[in-house]
Amino acid sequence: MDPLLTFVVILIGFYGLSTSKNIIKSVFSVTIIESGVILLFLNLGNLEGGSVPIVGEAFTGIVSDPLPQALMITTIVIGSTVTALALMLCIKVFHHYGTVEWREILRRGEGK
Amino acid sequence: MFLIPVYLIFVPVLTALVIYVFKNKHINYLALVSQVIVTVLLVLYHNEFQGSYADTLFVFGNWSERVGISLVNDEISVSFMFLSVFSWWMVLIYTFEKGKPNHNFLFFLLFLQGVFLGLLQTNDLFNMFVFLELMTIIVTILIAFKKTGDAFRAGIYYVLLNTAGVLAFLMGIIFLYNIFGTINILVISENMHLVGDETAVKFSYVLLMSGIAVKSALFPVFSWLPRAHGVAQSAISALLSGLIVKGGLYVFIRMNMMFADANLNYTDFFYVVGALTAVVGVMFALSQKDMKQILAYHTVSQIGIVMMGLSSPHDTEIFYGGLLHIFNHALFKSLLFLGAGAIIKVYGNKKVADVRGVMRTMPFVSAVMIIGMLSITGAPFFNGFISKAIIKYGIMDSGIKYWILFVVNIGTATSFIKMSQIFFGPQTITVRIKKRMQNVSMMMLALGCVLLGNFYIPITEGYFGFELREVSVTTWKNFFDYFLALSLGFLFYRYVIAPDYKPVRYIRGYQMSFEGSNYVFVIFLVVMTLYFVVF
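None of these values were measured; they are calculated from a predicted model.

(A) How the structure looks around the overall build of chain B. On a plain count of helices and strands, chain B comes out with 22 helices and two strands. Relative to the 2.2 N^0.38 estimate, which gives 24 Å for 535 residues, the radius of gyration of chain B is 22 Å and therefore close to what a compact globule would have. A principal-axis box enclosing the C-alpha atoms of chain B has dimensions of 70 × 60 × 50 Å. Looking at chain B as a whole, 56% of its 535 residues are labelled buried.

Printed below as a string of structure tokens:
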């Protein structure tokens, strides 16, 4: 996959963030940006035909860079946490305001 | 001795876990124990390495420096750590009540301390990202802790906007890794002069800075801050406004140190951003009616003033003025938020117009609040005066920069003249419960304000290792400036703000929508790219 394609994914995410009027869609957009960033880093660390960077039988010839893979696992974990937290808050907002439209909930004063 | 940085991170985190697991009546005291341990360790560490921070590099697991996770300290990070431990003491004392079942709150509070101390010490870009993101998550939970609709709304606004910013930060890290093959900050800054002109380096700088701009609430993307700090509990607001926002500014200092050898001229750009932040923050603060909103918007404007200082190169007086203003702001803004919290608790009302007679009802709280207000407006012999005077000293030569700061000072004076109305008037309410612990923490903060305002020279030399003796602060001109700003502020309040004209009402009603602030964030990114990369 071309690294430029991952930029397209990231830009789609930013487009979604700056246009969507629904909290759920905003959460999805953040997730999309994050997927794009992860793909970008994995792409840059990957070598064409490189083997898995685990010491063992396959550990011969050219090997992919292990650091991006280790880092991106952490990013995925953090990302899932953020998504879970955001969705939880989204449910709570829905319980208090009865809607998940940004405009509606930001316009109102105190929730119930 | 070398393991102390690790203990500083893990003692609060592990204590937090223990408190959460054994939800016991007496386990709350463990928080104080961990706080004592952290303080003692920090003092030991400071005494050991004072003056020679060159060999504080600690690499986990004896890996090579280029791939291992490492921690390192210098004067700035150690003084930030002292500030943060002090702030946590104050918040813990303020919120501590005997036998109150607030284990969840203590869990997040102590966990946040560990994460923040980690952010200050890390020498690894990816760990910096992890700590920033962890901070975002925990702060979101603390904002939403009151479980009202307002709090949840502010929480989701905060978490999504900040995550987008931190992901931009991560993208910058990826570019740097692609260029240098390492994420160790020291190694990168040593090799920066080799590639200082590359477009990719500049672009990574832009991405890192846009993430930091969101985290530290700079001009176009500050809309989350008043929302979040206005609705959180007062103790949490004090911590967020006083310290957590400064995490972003700390990363700003670190990144600029890392990019010191790159061919980037950031001074003018960030001075303009800081000035805009300061002016816009003051403008919004003037129109607000809610006490906590006023204080939250003043955090934005004070961050702008700090930014005016920090945007200068690292060995100038003005940079140290900005750094000192971070510390001063942490003291007086925590004090103001804690005091406002005590007042709101007694009166059950946040509106400035409805609260009267605090001086008679709560004499102690109003005394410390007045100290805080004098500090934030920059009265002589209080700490705000010192750092503002140092920043002024640095920009004395250029007229426009000086006048911007003066305008911000007038605005600050105006809105605290407005807020000081709450002290006057007859007593309307009698206080039933006296909270001694709250008074202790507010008194300590007020004492800090006065001490830093008068004995700043030995303190800055001991902790920043920087001489400020040649900067003349207590001049008649500065005194005159303060009283001029105060009187102009009074006139401005009397004739413009108090009648509540239409523009003021318009600014009060203006709210940036969520998609709008993301749009502005993208535009900010593009503008920065144009400024730093293309031209």
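So, next bit.
(B) Structural context of the overall build of chain A. Along chain A, the regular secondary structure elements total four helices and zero strands. Taken along its principal axes, the extent of the C-alpha atoms in chain A is 65 × 25 × 15 Å. Every one of the 112 residues in chain A was classed for burial, and the buried ones make up 31%. Sequence separation of 24 or more characterises 47% of the internal contacts of chain A that already satisfy a separation of 6 or more.

(C) Expanded view of the interface of chain B and chain A. Residue-level contacts link 30 residues of chain B with 38 residues of chain A. For the side of chain B that touches chain A, the elements supplying multiple residues, two or more each, are helix H5 (125-143), helix H6 (149-180) and helix H22 (514-534) of chain B. For the side of chain B that touches chain A, the class distribution of residues is 17 nonpolar, nine polar and four charged.

(D) Quick look at the environment of Leu47(A). With respect to the helices and strands, the residue Leu47(A) is situated in the loop between helix H2 (23-45) and helix H3 (66-97). With 35 residues separating them along the chain, Leu47(A) and Val82(A) place their C-alpha atoms 30 Å apart.

(E) Here's a closer look at unusual backbone geometry. Residue and element names in this part refer to chain B. Despite not being glycine, Lys147 has its phi angle at roughly 60°, a positive value. Judged by the 9 C-beta atoms lying within 10 Å of it, Lys147 is exposed. Despite not being glycine, Ala217 has its phi angle at roughly 60°, a positive value. Mapped onto the fold, Ala217 is located in the loop between helix H8 (199-215) and helix H9 (224-231). Look at Ala217 and you get buried, because 26 C-beta atoms sit within 10 Å.

(F) View of the packing of helix H12 (residues 291-310) of chain B against helix H17 (residues 399-419) of chain B. All names here are of chain B. Two numbers describe how H12 lies on H17: the axes approach to 11 Å, and their chain directions differ by 160°. By the angle class used here, H12 and H17 are roughly antiparallel. The interaxial crossing formed by H12 with H17 has left-handed handedness. Contact residues: Met291, Ile294, His298, Ser301, Ile305 and Met308 in H12; Leu405, Val408, Thr412, Ser415 and Met419 in H17. Of the residues assigned to the contact of H12 with H17, the class counts are seven nonpolar, four polar and no charged.

(G) Layout of the confidence of the model for chain B. All names here are of chain B. In this model, chain B carries a mean pLDDT of 86, and residues with pLDDT of at least 70 account for 99%. Of all secondary-structure elements in chain B, the lowest mean pLDDT belongs to helix H19 (residues 456-463), at 75, while H5 reaches the highest, 93. Interface confidence in the predicted complex, given as ipTM, is 0.93; pTM for the same model is 0.93.

(H) Expanded view of the packing of helix H16 (residues 383-394) of chain B against helix H18 (residues 436-454) of chain B. Residues and elements named next belong to chain B. It is at 7 Å that the axes of H16 and H18 come closest, and there the two elements cross at 40°. When the axis of H16 is compared with that of H18, the two are oblique. Here H16 contributes Asn383, Phe385 and Ile386 to the contact with H18, which in turn contributes Cys449, Leu452 and Gly453. Class assignment for the residues of the contact of H16 with H18 results in four nonpolar, two polar and no charged.

(I) Molecular detail of the environment of Phe175(B). Residues and elements named next belong to chain B. Turning to its location among the elements, Phe175 is positioned in helix H6. Linking Phe175 and Phe203, residues 28 residues apart in sequence, is a C-alpha distance of 8.1 Å. In this view, Phe175 contacts Ala200, Phe203, Ser204 and Leu207; residues no more than four positions away in its chain are not counted.

(J) Quick look at the environment of Met135(B). All names here are of chain B. Note that Met135 resides in helix H5. Look at Met135 and you get buried, because 21 C-beta atoms sit within 10 Å. With near-sequence residues (within four places) excluded, Met135 lies in contact with Leu112, Val115, Phe116, Leu119, Ile244 and Gly247.

(K) Inspection of H12(B) at higher detail. Under the 1.5 Å per step criterion, the end-to-end length of H12(B) is 28 Å for 20 residues, consistent within 8% with the ideal 28 Å. With 20 of 20 residues buried, H12(B) lies mostly within the body of the structure.

The rules behind each value
- Within every chain, residues take consecutive numbers counted from 1 along the sequence as written.
- Chains and ligands are labelled sequentially in the order written, the chains with letters from A and the ligands with numbers from 1.
- In view of the model being predicted, local features appear only for residues whose pLDDT reaches at least 70, and side-chain atom pairs are presented and counted only at 80 or more, with totals across whole chains, interfaces and linings using the full set of residues.
- Put simply, DSSP marks the helices as runs of H or I at least four residues long and the strands as runs of E at least two long, and each gets a number from the N terminus on.
- We compute the radius of gyration over the C-alpha atoms and compare it with the globule rule, which gives 2.2 Å times the number of residues raised to the power 0.38.
- Three exposure classes are used. Buried residues have 20 or more other C-beta atoms within 10 Å of their own C-beta, exposed residues have 12 or fewer, and partly exposed residues fall in between, all C-beta atoms being placed from the backbone.
- With C-beta atoms placed from the backbone, a contact is any residue pair whose C-beta atoms sit within 7 Å.
- Any residue that is not Ala, Val, Leu, Ile, Met, Phe, Trp, Tyr, Cys, Pro, Asp, Glu, Lys or Arg is counted as polar, Gly included; the first ten are nonpolar and the last four charged.
- Orientation is described by lines fitted to C-alpha atoms, with helices fitted over the stretch in contact, and by angles between N-to-C directions that extend from 0 to 180 degrees.
- By definition in this entry, angles of less than 35 degrees are roughly parallel, angles greater than 145 are roughly antiparallel, angles of 65 to 115 are roughly perpendicular, and the rest are oblique.
- The hand of a helix crossing depends on one turn: near helix anticlockwise from the far one by less than a right angle means left-handed, and clockwise means right-handed.
- pLDDT is a residue-level measure of predictor confidence that goes from 0 to 100.
- Multiplying one less than the number of residues by 1.5 Å gives the expected span of a helix.

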